Every structure is written in structure tokens, then in C-alpha cells.
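Listed here are the chains, written in short residue letters.
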Amino acid sequence: MTYLHNIGKYFLMIAEMFRKPTKWSVMKQLILKDIDDLVIGSLGIVAFIAFFVGGVVAIQTSLNINNPLIPKYLVGFATRQSIVLEFAPTFISIIMAGKVGSFITSSIGTMRVTEQIDALEVMGINSLNYLVFPKFISLMLYPFVISIAMFLGVLGGMAACVYGGYGTLEDYVIGIQTDFIPFHITYAFIKTIVFAFILATIPSFYGYYMKGGALEVGKASTTSFVWTSVVIILLNFLLTSLLLG
């Protein structure tokens, strides 16, 4: 029953988030601040992970192709498919659930503990719109982060393949271009936008409705990361079945 109660409360929170909007002059500053914190602040870790995981995918693919009948360009093909379809949209989103999700939960949870949310309500401000809506809007730029992860993943695979002696640049480039289906990029970005909505709202839900003190803020951050990851994995399965099945 607790799960059903939380699911109902979550959807009510989303509905409330769009009601009684905050003044645009104030909202603009909140959105720009959240873009800086959530999107631009995440570029470094996303770039680092994407580049080296792309390299690892290329090396492992190359080492597992022992049959001389299998063409060497398959390394580039497998790296591109792994990065574009699954690694960049899903794996990066789970990492972001830890980085961005914990930040959102702890920041809103701290405001709840220190009674800043109560102060907003007393002033007649819709606190959900004031706190959650800017995060939702700023994370609509999340596909930009994922496109960088895709590019750097493929680039990392190329660097590992060429400089590690696992194949030639020509073979890798042919592999990247082989059987390219443009809808796969569309599919990846559809998933990314859905995951961005989850990353903005579930951590906000656990931060906004938490009770207790500083210790509970830490517990709420952990819980929000777990449930954000679970929902991302479930939606990944559902969206893949619907869009590619």
C-alpha cells in the first residue's frame, strides 16, 4: 500500500508542479542556475566516462573477434551500436541518477529540514513550481549531454582501436558507417527525454516529502537514487519493446 500511496502522491506532485506558475523574471534565474548545476556541471564526468567506456567496448569487441572470416570493421559497428543504443542513453542516465539525483534530493531535502519550503508556502508561492519546475525545464537540455556522450564514446573507441593496435582507422570508420539506421538516434533521444523527466521528478519527490533531520536527508538521497535507477531500467525495457520491437 505504501508503494501505491507514493505513486499516487508522485503524480499529484507532477500535476501541482504546473499550477500557479512563479513570475518569469524569478523563474528565468532559477532555470539558468539549474542548467549550470545539473547540465553543465555534469559534462566533465559524462565526457570522461563516455570516452573510456567507448575505448573498452572497442578493445573487448576486437579481442573477441578471433575468426579471420569476421571482418575487422565489425569493431566500429559494434562500438557504435553499443554506445548509441544503450550505453549513452541508459548507462549515463543511471550515473546521472547518482550525481544529479542525489544533488536534487539533498538540496530540496535540506530546504524542507530548515523550513525554507514552509516559508515559501507562507509567502503564497507554489513551492513545487518554484523548486521542481526549473529542474524539469533545465533537464530538457539533457539530450545535449547524451549527444556529447555518444560522440566521445565513438571517439574513445576509435582512439583505443587505432592507438592500441586493434585495427586500422579505415576499418573503424567503415564500421561506424555500416548499416546505419537514423531511427536509432531518434530512439536514443526519445529515451533520453523520458529519462530526463524521471531524473528531475523522482529525486525532487523524495526531497520534497522527506521528514526528519540531516540523517534523513542522506537516507532520502539513497532511496531516490535506487528508485530513479529502477524506473529508468523498467522504462528502458518498455521503450525498447515499443520502439524497436
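About the thresholds
- Residues numbered from 1 in each chain as written.
- Predicted model: local features only at pLDDT ≥ 70, side-chain atom pairs only at ≥ 80, totals over all residues.
- Heavy atoms only, no water.
- Axes fitted to C-alpha atoms, helices over the stretch in contact; angles between N-to-C directions.
- Helix = DSSP H or I, 4+ residues; strand = E, 2+ residues; numbered from the N terminus.
- Parallel < 35°, antiparallel > 145°, perpendicular 65-115°, else oblique.
- Left-handed = near helix turned anticlockwise from the far one by under 90°.
- Contact = heavy atoms within 4.5 Å.
- UniProt positions renumbered as here; feature names shortened; annotations may be inferred.
- Patch = residues over 30% accessible without salt bridge, like charges linked within 9 Å, V, L, I, M, F, W, Y side chains within 5 Å.
- Areas by Shrake-Rupley, 256 points an atom, 1.4 Å probe, with all protein chains shown as cover.
- Salt bridge = Lys/Arg side-chain N within 4 Å of Asp/Glu carboxyl O.
- Expected span 1.5 Å × (residues − 1).
- Bend = angle between axes of the 7 residues up to and from the residue.

Engineer: Can you explain the packing of helix α3 (residues 43–63) against helix α8 (residues 142–163)? Please cite residues and give values.
Structural biologist: Between α3 and α8, the shortest axis-to-axis distance is 6 Å and the interhelical angle comes to 40°. Relative to α8, α3 is oriented oblique. α3 and α8 meet at a crossing whose hand is right-handed. Only F144, V145, I148, A149, L152, G153, L155, G156, G157, A159 and A160 of α8 make contact with α3, whose side of the interface consists of L43, V46, A47, A50, F51, G54, G55, A58 and I59.

Engineer: Which residues make up the UniProt feature "transmembrane region" (unreviewed entry) in the chain, and what values do they have?
Structural biologist: The positions UniProt marks with the feature "transmembrane region" (unreviewed entry) are residues 38–63, 83–104, 139–165, 185–209 and 221–244. In the segment residues 38–63, helix accounts for 88% and strand for 0%; the C-alpha atoms at its two ends are 37 Å apart. Helix makes up 96% of residues 221–244 and strand makes up 0%, while its end C-alpha atoms are separated by 33 Å.

Engineer: Tell me what's going on with a nonpolar patch on the surface, and back it up with residues and numbers.
Structural biologist: Nonpolar side chains collect at one region of the surface, where M1, Y3, L4, I7, F11, F225, V226, W227, V230 and L234 lie side by side and expose about 1100 Å² of accessible area between them. Elements supplying a minimum of two residues to the nonpolar patch: α1 (2–17) and α11 (214–243). A total of five residues in the nonpolar patch trace back to one element, the largest contributor, which is α11. Its location among the elements puts F225 in helix α11.

Engineer: I'd like to hear about helix α4 (residues 74–113), residue by residue, with values.
Structural biologist: A rise of 1.5 Å per residue sets the reference length of α4, with its 40 residues, at 58 Å; its end C-alpha atoms lie 54 Å apart and thus fit the reference within 8%. Within α4, the axis deviates most sharply at F87, by approximately 50°, and proline P89 lies no more than four positions further along. E115 sits one or two positions beyond α4 and adopts a positive phi of about 65°.

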